[in-house]
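# Survey of secondary and tertiary structure
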Amino acid sequence: YNTPLDKLDFEWSREEKVLIDRYCEKIKKNIEEEGGMTPLQRWEATVYGKDKDRTLTYLATTSVYISHVMDHSCDAVKPVDTYMYPKLWIIAHLATAARFGLDYCNFHNINYGEDMWGGQSIMIDYGNPIIEPPMPIKTIDDLEGMPIPDTRTDGLYPGYLWANKEYRRILTEYDIPMPLWTSICPGPDLLIMMG
């Protein structure tokens, strides 16, 4: 996005807000119809080893899957679209949670950070970005003087972080008792994001 996280300011259109309203209504209806524990209560019971009404369920909702749910498998919305447009990514996750009555969505990160360390990635239509050789780091000496990327300003990560924060805001605004699990895949970005 070439924009730091603190400067990102995506605005929801009226039509997008209607989609969000509808998906959130459906998610809440799914929770109410099931009865028993809420997804958040079920998550907490699972994490803390307490009794729960059923097994916690989710899908590893990667961009390939959520794009197919959103466009009803007509191959109109491509996975790369959800990477390139964080608002679309949020809406596709909401659609998937609403469609399958998930306890939570698993937000997978956009890539594994190789491009942030001087490498080049290619955005492909049907999958995660892929690394284009040659790799810039081949030896320990190649790390000397290399700047450490900042996920708040570098690459696609500001959009990813914005989407996580905005999804959480939406769940809170609509009073949806659902946890949010964001995935931080192993790679050079793990140290930065965990730090």
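Residues numbered from 1 in each chain as written. Predicted model: local features only at pLDDT ≥ 70, side-chain atom pairs only at ≥ 80, totals over all residues. Heavy atoms only, no water.

With that out of the way, let us pick up the nonpolar core. In terms of nonpolar packing, the biggest core is built from 32 residues, with Ile 20, Ile 27, Ile 90, Leu 94, Tyr 167, Ile 170 and Ile 176 touching the most fellow members. In terms of residue count, the dominant contributor to this core is helix α5 (residues 86–100) (eight residues). Once residues within four sequence positions are removed from consideration, Ile 170 is found in contact with Trp 12, Ile 20, Cys 24, Ile 90 and Leu 94. (Core = buried A, V, L, I, M, F, W, Y, C linked by side-chain atoms within 4.5 Å. Buried < 20%, exposed > 50% of the residue type's maximum accessible area, 1.4 Å probe, protein only. Helix = DSSP H or I, 4+ residues; strand = E, 2+ residues; numbered from the N terminus. Contact = heavy atoms within 4.5 Å.)

Structurally, Thr 38 can be placed in the loop between α1 (14–34) and α2 (39–47). Look past the residues within four positions of Thr 38 in its chain and what remains in contact with it is Ile 31 and Pro 177.

So, about α1. Relative to the 30 Å expected for 21 residues at 1.5 Å per residue, α1 spans 30 Å between its end C-alpha atoms, a close match to the ideal helical length. Taken together, the buried positions of α1 are occupied by Glu 16, Ile 20, Tyr 23, Cys 24, Ile 27, Asn 30 and Ile 31. Along α1, the residues classed as buried sweep out an arc of 115° about the axis, all on the same side. What points out from α1, more than 90 degrees from its buried face, is the exposed set Arg 14, Glu 15, Glu 32 and Glu 33. On the buried face of α1, the contacting elements are α2, α5 and α6 (157–173). Following α1 by one or two positions, Gly 35 has its phi on the positive side, about 70°. (Expected span 1.5 Å × (residues − 1). Arc of directions from axis to C-beta.)

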